[in-house]
Every structure is written in structure tokens, then in C-alpha cells.
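Residues per chain, in single letters:
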Amino acid sequence: MAPPQRVLVSYSGTQSFLTSANWDQIHTSLLAQLPLRNIHWKSPSRPSIRTIQELDICLVPLESLRDEHTSQIPETLLEKPFLNIYFVTCEDTELETYKTSIKRQVKEWHSIATSRKNQEWLILHVVRPDARMPSGNFFQLKGTVLDKLKGDFNTERRDRCVQLQWSSGQDNPAAWAEFLSKLKDGLLSSFDLAVSQREEDVKRSESQRQMPGWNFCTFFILKESLAASFQGVNLFEDALLQYDELEASFYQVLKEKNLSWFGTLISPSPNDDASPLLSISRKPYRDLILANTISVFDFRIYLLARQCQLLANLGRINDVGKRAAAFLGAFGRRLREVEDTIPKFFIEAWTYSSALSVVEQCDTWATPSDLQGPKLSTFNAGKGELLELARNQLDSIGIKVGHLPDRPPFSNALASAESSGSDKTISSKDILDSINNRDTFYDTYVEITNRAIDMYAKAGRRKFALRLHGSLAALDVHRGRLAEALTTYTSLPAHYAPHMWTSLESLMLSLALDTHAKLDKSKDREWIHILLSFLKTYVDTAGLELLMHEEDSTEYISRLVQAMKVSAAALDSDLSHPEHPAMSIHVSSTARPVGDRDGSLLDVVVHNHLPCAIPVDEIVATLSGRDGERLRFAAPSEPIPPGKTETTLFCPTSSAGTYLLESTEARVSHLVFQWSHKKTLPGGKQSGHKNAFTLVRIPRDLLALDVRLQQPNLVELGKPPNLLIAVSTGRNHVAKASLKIHVPSVTFRYKQTTCLSKLESDRDPLQADDTCISLVDLPEASHLEFLIPYSDASAFHAMKTDVEVEYVTVAEPDIPRTLHLARVVATTQPVAVNVEDFFRGNRLFSKFTVSTTSHQHVRISAARIEMPKGGLDGVKIVACSPQAQSVTVTPAQPANFLFYLESANGPVQDSVTFSISYRMLREEVEALIESAVENVLSDSKSQLANRLLLVNRIVEALEQDSSWVEMYGMSGELDVPDVLGDMDESLRQVIEVLHKHKHPHPSEGKWREIRIPVDVPYMNIVAAASIRLINPTSTSLYAGQPISANLTIHTSFHWGSSFDDQQRSYTMRFDVEEMVRDWLVSGMKRGDFAAKDDATFSVPITLIALHHGELTLPKITVTALPLAGEVTMGSMAVPSTETYQAHGAETVLVLPRGGRSTFVLGMGSG
């Protein structure tokens, strides 16, 4: 039974009107207003308002409806009209016509409409918009036809009369608004009454369930009529609810095992196993239900089809697939109970055909607008599950007929043992062809599987899709297509790994190894990669979750590892594999010196996570330092047993410092396992977590080959710089060594290297070319120093140098060693020199201030000014304060040195040299400690290590505590801080020697020297200004007393830029300082005068002291005026001038003025 799709509404009117052209126009216009939209139904039996989005209306003449006797079979509520309409065409001017004929016609129709059960009625009065109102006097009132209709037929306070203003050729939708509103109200009222009555019938029937004679099929038809009615008015949710309640009632009947209203569980008919599952027209289901002969099989299919159709109407396509899949699985298991009574393979064929038909039906029902985003993914996933369900039936059939082997993954879908079934055969042509033809079966199997894979891929269910890929590979193995199977097995693990599907990954890899063996292919690089991936899955799951077919997994793994060793040995080049979890290497945080040779030892722990030994040949750890320096620790290895194994690696280089563990390696022949220990984040950024790095400290080996860089002992500013290199061989007898120095933008001139020390054999061990310095045959414990000139680097405060030394010792000629040292050499001097010059007559006083440029203390033994070789004529240089002992310069306390230069012949054209002999306090103390250690211990090579150890311990103690500095600076005593802990006898003796030390006079040891060229300055005019009081000692001076004085200015051109300056004359200006709190100056306080060499200008002034006390005299400022006619750099030239106050150190004693004053105060009239 297909429910009606539209609600019936009858119409009636006069015969003349219904046959007129005017009715055709009105009818057409009314149909244009349909379907009705947004109808809100509020039923008292329902908690919420139901909204009918669209409602189709079918207009039928009243005469076409026949009154039939009520059928015993419940019908849908939509088979009878919900509303009856009568069209009245009578203008208001035709009231008499209404009274005589129209009223009678309407009344006859009204009696028929009101006699119909659950049907509403409506009278529509059609008038022209331009119709005139009837005229009348006050005593003869006349109404409209509409008023008459309302008065004659409206009852129960409900208005069922509506007026429509209509004219042909003018179709205004707004004119229908009131009518459509009344139409909706009438339909809802009628529908609500009909539904309420039908629901009461359903409740009454359900309440009689336990009574004799009650029939479930009759109840089903009654309740279904209600569902069909809801479906007809597009209330699909309510319709679905009725079918869901019917399904629950069926389950209750099934639970009570009362199936007397049904036939058998299943009575297979032709094409039952090949028909579309959701088709409701392939069988007369309602007739079978009414006859109580429908089988449970057909009843469940019909109920499911109705539910799925309503789900599709609601746009819930995804639920269609879920319900269908659940039904096929559940009812298929139910059919297994009667498998012997149905045709062989019926269940598989029915499930197969039904699943595929549901997929096709869902595609038909689905609309692209409703399936977007997550809904589309769920839709595709549902279709994929149905397709896989169909594929599973092929697995079951294939195993039973021998097309597939009875083992996973095919046997996973095998539901039960094979059954003989009835004598009948199935109808599905596809299944029959697949049973009878192996190739057809394989083609169908692959097609259905690929369709399921495609759906899963579109749904984003990669795991399901990849699992089906694996089953296709298993099919290829069964069909003998091993190459294709191997390709599939090797490609799938890469898709499993990101999702941590380790069990599936291991199974695919294990099958890939087996397939590789069946193909009898060589175990090449590809095979090794497959094996390593399989071992990774074994370690990741600890071997507990692996889907392996081998009973003894340990023996299986051991055979694979041994085969890996053989295959790796056959490789023509190394094969690197990063971050494999089969092994892990943990490195100690501290290395240790070897002791008897250059190099370091590093302890590591190798953890083998496999259940068998790994045949490792070599273990390597690589450390990285600054500026790309790398150290390689390595050691040969025996096979690593399961668990933890400790071993020690060796590096021939003795570079000290803190290094970062960069990588570790384990070599199995040509197979190299690599692990990076620099953890990185997504995007390539390095992790900043403190545990993300492993730091390894390599202590300093005091007896190893060492290279030191420093400034030379003699530095002459203004000359090309040199670098002092000191090479100490330590314990090594060096057969050959090459040394290179790398500094960006600095060029070293190796060929111009100068050796400063010689060996005991007096031979020159140094050979240099354009690229490096070569050293040959350096004995043990030898020390070699040489100078290398380099290009100017004054633009830098320090040079960051990378020293690379490659050397071979006599004891180990087969082990080349490379030493990388990062050294920082200061290009600036440790001291800074500032000079101040003071001109006094024919003498120039120079004050040199020496300060340190760093935080370190500097010891200065001598500072002097030296004249060029051969001296200077008429020039004498004298130190004003001869230095008796060494001076210590600290960051807070510079040192001053004062000299005067006396010139008899005027300006000095040649420069002099300021020389400083100095050494760093650290160098002095280290040399003192080394000397003390040599006094205590013998100076033999056998004691070299002990001497270096003692020196290093004492230096470290001094670095920790600086309390010894002050005492050492004053007396020379070196008190070592008490931080050394346990001390042996030799250390105590060294400390005692240092404690008794005093600064020697003169100073001992090596001193560095800085030579700085100094130009003697010029001064055109030197003016000596003074104020002399006239007869200052004859009388006392009092405050307020005028004091006569002479202002004199003596000028000298002795230090001019040339000897001709003594014949010149300059115009100068003087200005007496205003001291308004001390002196009142009267006279010529400012003026110009002509200055000549060795001439004196004098002018009288008067001074008045403003208060008593010891006062300083005013200062005099003397400046030179620009020279007329001489221009320097675009402006007039001004001669250089220095003025000093000859009376600057003098004071004048001013006494207070004496006397008496009398004051008379009035005390008042009393």
C-alpha cells in the first residue's frame, strides 16, 4: 500500500460557476498558492509543536467522492477529505438573489459537509474589487452578502466564511492570505480530530493484547495506518516513531514466543536471495500480514524497508546503512538456526545481495546538499561496512567451495561449519557464477574489496582500508601472484606506522618476509629494510601483540638476525638505518684520560631489546663541540647478548671541554644502526628541554700535546703584529705534526715564522709553507715557541682562533691524531695609557696614567721614556718620581708616572718612546708556583705529571678564593686558601715555600714590554698670568679696603710649531675672573694686547675684599685672537694657547675691620 501523497480538499459551487472561465482562473490561481508552507500543529497529546514545512493539497469536486461503507481494514486518514469548500459568487447588490436561491444551495451543501465525520467546511465568497456597497436609508438598512453568510452559517463562535476579492487578469497573492490562513486552520482541526480518534483506536487495541482473539497482524495494520497518515502530511518523525513502536511490540511478541500470527520463520521463494532489501513492492506484504501468513523473514524485511524509507525522508541516510547492516548481521545469525531447511549458500547470497542493494538505494536517496563534511565521511563509512559485509560472504563461500584457503584473513568471516542445506538452489546469478567459476569469483572478490577500500578511504578510515589491502595481498599469495603480494605487503606498513597499528604492521611485514622467501629472491637491501621494520614492530610491542604464525618467536627472530648479518656482509657499501629500537646506547656523562697515551675513554651501556644476540662489529659515539669540532669514540665489539652490556670506547684526541652527544652507531658488517641524540621538534626546531641533550665532559689531560696562543713578550705599537705560539709535547715523542690557525678575515704568514727556542740537539724542528707549519721529531716534554706575523686585526678586541694540529707519535705511528683547540687571543693590550701635558717655560711636564683594560691585575716593574737612538740635541728627559719597586695596577687603582722634558732649542720635532715593563698578576703567580714546585720536586721527566698536577691544584684553589691578592701585593707572601682538602707532603712543602716568599728587589722572572711611540706636542703661545699686590707685607689688609695690584702676563713662543714663531707677534685678550663673593675688581678687567716672545704685558688694577679670611686671588683668562689673513679648514686660524696662573697657589690674608658702634634704644614713656 502506497500512502497518498496529498491531502484531499473538496470544493463545490453552482454549476454555472464551476463551468465558467472565471472558475478556471480562480482554480489556477489557487493551485499556484500551493503547497501550503509552515503549518504548525499543536496536539494536546504531544509536548511540542510539530511544524509541517510543506503540505501538498489535492482539490477534488465534492461530487466525485462517494460515501462507502466503512471497511474492516483500517485505512489511512488521508483517504477522505479534511476540508470541504463552497464557492459563492454573489455581489452585494444581489441580496435578493442570495435570499431566493443561493442561500438554499449553500444550505444543502452545508448539511452534507457537516454530516461527514472529522471533516471541516469553509465558505469562500468571491467578489469583484470594484463592487459597490448597497444603498439604503436610515430605516431600511441593508448588509453585505458576506454578513448574511456569516449570520446564516457561522456557529460555535468560529468564523468559517471568507471573502476573496478577485478580478480576471489580476492575480494578487496577497488576496489569498486570509483564505489560506482559514484553510490551514480547518485542515489542522480536522487532522487533529482524526489523529486523536485513530490513536484512541490503537490504544484500545493494544490494551486488549492479553485478551483471547487479539491479533498482532491486525494491530500492526491499524497502527501502520496512523504511520502512513503522518507520512502523508510529511510528519516523518511521528511516522517513524510508529514503526519503531511496532518493532518493539514485535520483539515483545518474539520474547513471549507467540508467533501464531505468522507463518514459518522463512519460506524461501525465488529471488528472495537476490531481490533489493528495501523494496516494499516486490511482495504483497500487507496482504500477507492481513492473511496471517507472512513469514517472520518477510515481515522483518517489510518493517525495515518502511523505517529506512522514513529515515531517507528525514535526511538521515547514514542511519539507513547502520540499521540495514545491523539487521543483516542479526537476522543472518537467526537464519543459521534453520540453515538445513533453506538452500545452500542462501544466507550468504541473501546477505551479499541485500548489502549491495542497500548501498545502491542509499546512493539513490542521498542528496549532495545533505551530505557534506563529517556527514559525508559517515555516509561513505557506512557504505564501506556494507560492502565489507558483502565481501565477508564471499570469504565464507570461497572457503566452502575451495576457492580460498581456510586460514586468516579469509577464515575470520567463516560463521559456521559447512551445512548441506535443502534440495533447492539459490537464485543469485552473481553468487552462482562465482561458485562455478574460480576466475569469476576472484574478479568479484577483488571488485567488491576495492569498492569497500574506496569507501573507507573517502571516509578517512585508513585502518579498515589498509586491512582490506592486506586481504588482497593474501589473495595474491593464494593465487600465486607473489610479486604483487610482496609489493602490497611492503607498502602497507608505512601506512600503519603513523597510527601506531603495530600488530597489523608486524603481520604485514612477517607475511612480506615469507613471500620474499617463497619468491626465492636475494636478500638484498630491500629485504634488510623489510626485516628491520619487522624487528621494530617486535620491539615496540615487546613481542606480546605480534600476529606471527611461528610458534617459537625467539628462534624465528634469531634466524632472521643471523640472515641479516650474512646479507649485510654481502653489501657493496654501507647501509645506514636511523633510530632503530632493537638497540639503544647510553653514554656516560664524563670521559676519562687513557693515562699512558693521548686520548680519552668513554663508558657506554648497550641495551639489546631483542631476545637473541646481535652480531655487532663496532660501536661508535660521536661528540660535537664548538665551531663544528667532532670527536669519534669507537671500539670493536663482540655479539651483544640480550639485555645490557657495558663497554668502553676510545678516542685518540685529548680535546678537553664539555661536548654534546650527537650520535651513536652500532655496525653490523655494512649495516650501520644510527641514533641521533639531538632531539628536534616538528618543523626542525631543536628542543629546549634540559633532558633533550646529553652532555659529556672530557677532563683536561695535563700530559697531552697542548698548544697555547698569546701576544708576544715585546709589543711595539705601529709595527706589524705577531702571534706567539707555544707547543708542549707532554708525554709524547712527536714524529711529525702540522699546525694550522684559522681566523676569519685574518691572514697568517706562515713562511715568516720565527722560532724563539731550540731543542737540545740545536736543530731547527720548524718547517713552514704557505698553508701550515710543520714540526718534525719533537722529543718528550719539550717546549717550543715561535712567532707568526699576521694581517692587521685591530678592528677586533679579540681574535677567536681555531687551532688544528695533526700529529703522529713515535710510539703509535699508525694512529693519526687531530687536535682542535678553540683559543681566544686579545688583540688589545692589557693596559691603557693616557697622557696629560703641561707647558712651563722651556719644560714640558707629561703625566702618564696606566690603567688595566680588564678585570685582571697587572704588575709593572718599570716605566720610562726613551729618546731615539743617538739622542736629541738640547733635550733632556727626567723622571720626576723614580720608581723604587713594582707597582700593581687594579681596575680600581691606576698608576701614574710623571716626567719632564727640557728643550734648550725650542720645539722637538722627533717622537720619543714610552716603554712599560709589565706582566699579568696571574702569570707572575703561576710562574712562582711552578718555581716552588720545581724546588720541591725533582726536575725529571718522570715527575712531569706530578708537577703539572700540583700546579693545577694550587691554581684552582687560588681561583676559588681571592683573599690572598691583597697580602701578595703588599709583601709577596702567597697564602693558598684552605680549600685543597687532603694534602700530601709535597703539596704542604710547596704551600710553605709560597707562604715564605717575599717580593725580590730587583724583580725577577720574565716581563713583557709595550713600546708606545709618543709625539712631543706643540704650543704656539705659553702665557704665565699673575696678580701681584703692591707692598703686600708693609701693612695689614682689611675687608673693604682698596688694594693696589699689578696684572702681568708673560708670553713665550718657545714651544711653537716652528722656529720662526719666535719672531711673530699675536693679538691676545685677557679677562679677569669675576669673584663676586670674594673680590670687587676695579680697573681694566678685560682688554687686548700684543704678545711677543719672552715679553711681559702689565696693567694696574684695584682689588677690594668683600669679607675677611684667607682668599685666593682671581684667575686670569688669556686667549689668542684669530690671525688676520690666515684660514684653516674654512675658518680663520687661531694660534694654540696654554695659560697657567703663576699665583695659583698663593692666598691673601684679609683681616676684619675693627671699631665700635653705639645704639640708643627707647624703653617707653614709663
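Residues numbered from 1 in each chain as written. Predicted model: local features only at pLDDT ≥ 70, side-chain atom pairs only at ≥ 80, totals over all residues. Heavy atoms only, no water.

Trainee: Looking at this model, I keep getting lost on the pairing of strand 20 (residues 722-728). Mind explaining?
Mentor: Where burial is concerned, most of strand 20 is hidden: five out of the seven residues are buried. As paired elements, strand 18 (residues 706-710) and strand 20 share five bridges and run antiparallel to each other. Residue R708 lies in a different strand from strand 20, and its bridge partner there is A726. Where strand 20 and strand 25 (residues 783-789) come together, seven bridges link them in antiparallel fashion. When the bridges of strand 25 are listed, L724 appears paired with L787. (Buried < 20%, exposed > 50% of the residue type's maximum accessible area, 1.4 Å probe, protein only. Helix = DSSP H or I, 4+ residues; strand = E, 2+ residues; numbered from the N terminus. Pairing = 2+ DSSP bridges.)

Trainee: I would appreciate a short explanation of the packing of helix 10 (residues 317-335) against helix 11 (residues 346-365) in the present structure.
Mentor: For any two helices packed against each other, the geometry is given by the interaxial angle and the distance between the axes. Running from amino to carboxyl end, helix 10 crosses helix 11 at an angle of 170°, the nearest separation of the two axes being 10 Å. With respect to their mutual orientation, helix 10 and helix 11 come out roughly antiparallel. Together, I317, V320, G321, A324, F327, L328, F331, G332 and L335 of helix 10 and F346, I347, W350, T351, S354, A355, V358, C362 and W365 of helix 11 make up the contact between the two elements. Of the residues belonging to the contact of helix 10 with helix 11, the class tally is 14 nonpolar, four polar and no charged. (Axes fitted to C-alpha atoms, helices over the stretch in contact; angles between N-to-C directions. Parallel < 35°, antiparallel > 145°, perpendicular 65-115°, else oblique. Contact = heavy atoms within 4.5 Å. Nonpolar A, V, L, I, M, F, W, Y, C, P; charged D, E, K, R; others polar.)

Trainee: Just checking my understanding: could you explain empty space enclosed by the protein for this structure?
Mentor: Left-over empty space is what a probe sized like a water molecule reveals as it rolls over the atoms. Under the counting rule described, the total for this entry stands at seven cavities of 30 Å³ or more. Taken as a whole, the largest cavity spans an internal volume of roughly 110 Å³. Forming the walls of the largest cavity are 14 residues, and the residues nearest its centre are L844, S846, I865, L901 and V912. For the lining of the largest cavity, the elements supplying multiple residues, two or more each, are strand 28 (831-840), strand 29 (843-852) and strand 33 (895-903). Tallied by class, the residues present in the lining of the largest cavity amount to 11 nonpolar, one polar and two charged. As a volume, the second largest cavity reaches approximately 60 Å³. As for the second largest cavity, its lining consists of V7, I39, I52, L55, F82, K184, L187, L188, F191 and V233. For the lining of the second largest cavity, the secondary structure elements donating two or more residues are strand 3 (50-55) and helix 5 (177-207). (1 Å grid on protein atoms, 1.4 Å probe; cavity = no way out; pocket = protein on both sides within 12 Å on 5 of 7 lines; lining within 4 Å. Points joined across faces, edges and corners; volume = space filled by probe spheres on them.)

Trainee: How should helix 10 be read in this particular structure?
Mentor: Think of an α-helix as turning once every 3.6 residues; residues three or four places apart then point the same way. Taking 1.5 Å as the rise per residue, helix 10 with 19 residues should run 27 Å; its terminal C-alpha atoms sit 27 Å apart, in good agreement. Among the residues of helix 10, those classed as buried are I317, N318, V320, G321, A324, F327, L328, F331, G332 and L335. Buried residues along helix 10 sit against helix 9 (296-313), helix 11 and helix 12 (374-401). (Expected span 1.5 Å × (residues − 1).)

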